[in-house]
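Summary of structural features
Chain by chain, the residues:
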Amino acid sequence: MIATLQCTVIDCPDPAALAAFYGRILGWRVDDGDRKWATLTAEDGRQLAFQLAPDHQPPRWPDPAHPQQIHLDFDVDTRADAERARQELIRSGATFLHDSEGERSGFLVFGDPAGHPFCICYGQS
């Protein structure tokens, strides 16, 4: 091993807003003390960070001419849990993009407020 992972950093136009969005999904603590950087921290110390990218061009999933840049997957237990998450995510500023239409396992794809795609996966654990 050469090093350990400190955190994953996501470029975006508004770090505090995007950190708050993912903080609502994960229930992690938001530190948005700087206009150019915000960090989410879990109780166990895991982190996601958000960095200001003034010229950020959002991806257009699934358009390969405007690639994903980053892709996060989140787990819930069942399709019903994923549907509940869909409503809450849309209220929080996510854009619904795709439903794999699996009955017992599958995923729902959303765009976060900065346009990065992410999935709510169900029935996979």
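Higher on the page you've got the structure.
First things first, this report covers the structure right here in the doc. (Residues numbered from 1 in each chain as written. Predicted model: local features only at pLDDT ≥ 70, side-chain atom pairs only at ≥ 80, totals over all residues. Heavy atoms only, no water.)

Notes on the nonpolar core
The biggest cluster of nonpolar side chains holds 25 residues, and the ones touching the most others in it are L18, Y22, F50, L89, F118 and I120. When residues of this core are assigned to their parent elements, the largest contribution, 4 residues, is made by helix α1 (residues 15-26). In this view, Y22 contacts L40, F50, L72, F74, D112, H116 and F118; residues no more than four positions away in its chain are not counted. (Core = buried A, V, L, I, M, F, W, Y, C linked by side-chain atoms within 4.5 Å. Buried < 20%, exposed > 50% of the residue type's maximum accessible area, 1.4 Å probe, protein only. Helix = DSSP H or I, 4+ residues; strand = E, 2+ residues; numbered from the N terminus. Contact = heavy atoms within 4.5 Å.)

Here we look at the sheet that holds strand β6 (residues 95-99)
Strand order in the open sheet formed by 4 strands is β5-β8-β7-β6, and the pairing between neighbours is mixed. Lying at the two open borders of the sheet, with one neighbouring strand each, are β5 (72-76) and β6. Each neighbouring strand pair of the sheet contributes to a mean axis angle of 25°, computed without reference to strand direction. With 6 bridges connecting them, strand β7 (residues 106-111) and strand β8 (residues 117-122) associate as antiparallel partners. Bridge pairing in β8 places L108 opposite I120. (Pairing = 2+ DSSP bridges. Axes fitted to C-alpha atoms, helices over the stretch in contact; angles between N-to-C directions.)

A word on the pattern of salt bridges
Under the counting rule described, the total for this entry stands at 6 salt bridges. Of the charged contacts in the structure, one is a salt bridge between R84 and D81, with a shortest N-O distance of 2.2 Å. Residue R84 and its partner D81 are both found in helix α2 (residues 79-92); the two are separated by 3 residues, about one turn of the helix. Under the relative-accessibility criterion, R84 is labelled exposed at 52%. Across the salt bridge formed by D99 and R86, the nearest N and O atoms sit 3.5 Å from each other. Taken together, the positions of D99 in strand β6 and R86 in helix α2 put the pair 13 residues apart, joining distant regions of the chain. Residue D99 shares its accessibility class with R86, and that shared class is buried. Salt bridges linked by common partners bring R79, E83, R86 and D99 together as one network. (Salt bridge = Lys/Arg side-chain N within 4 Å of Asp/Glu carboxyl O.)

Comments concerning the packing of aromatic side chains
Summed over all chains, the structure comprises 8 aromatic pairs. With a centroid separation of 5.8 Å and an interplanar angle of 70°, the aromatic rings of F21 and F118 are classed as edge-to-face. In this pair, F21 is assigned in helix α1 and F118 in strand β8, connecting sequence segments 97 residues apart. Among the residues examined, F21 registers a relative accessible area of 1% and is labelled buried. Here F118 falls in the buried class, since its relative accessible area comes to 0%. (Phe/Tyr/Trp six-rings, centres within 6.5 Å; stacked < 30°, edge-to-face > 60°.)

A short note on the pairing of strand β3 (residues 37-41)
Across the 5 residues of β3, 4 count as buried, placing the element largely inside the fold. Of the pairings in the sheet, the one linking strand β2 (residues 29-34) to β3 comprises 4 bridges and is antiparallel in character. Considered in β3, the bridge of V30 is made with L40. Between β2 and β3, which follow one another and run antiparallel, lie 2 residues. The hairpin turn running from β3 into strand β4 (residues 47-52), its antiparallel successor, is 5 residues long, and G45 in that turn takes a positive phi close to 100°.

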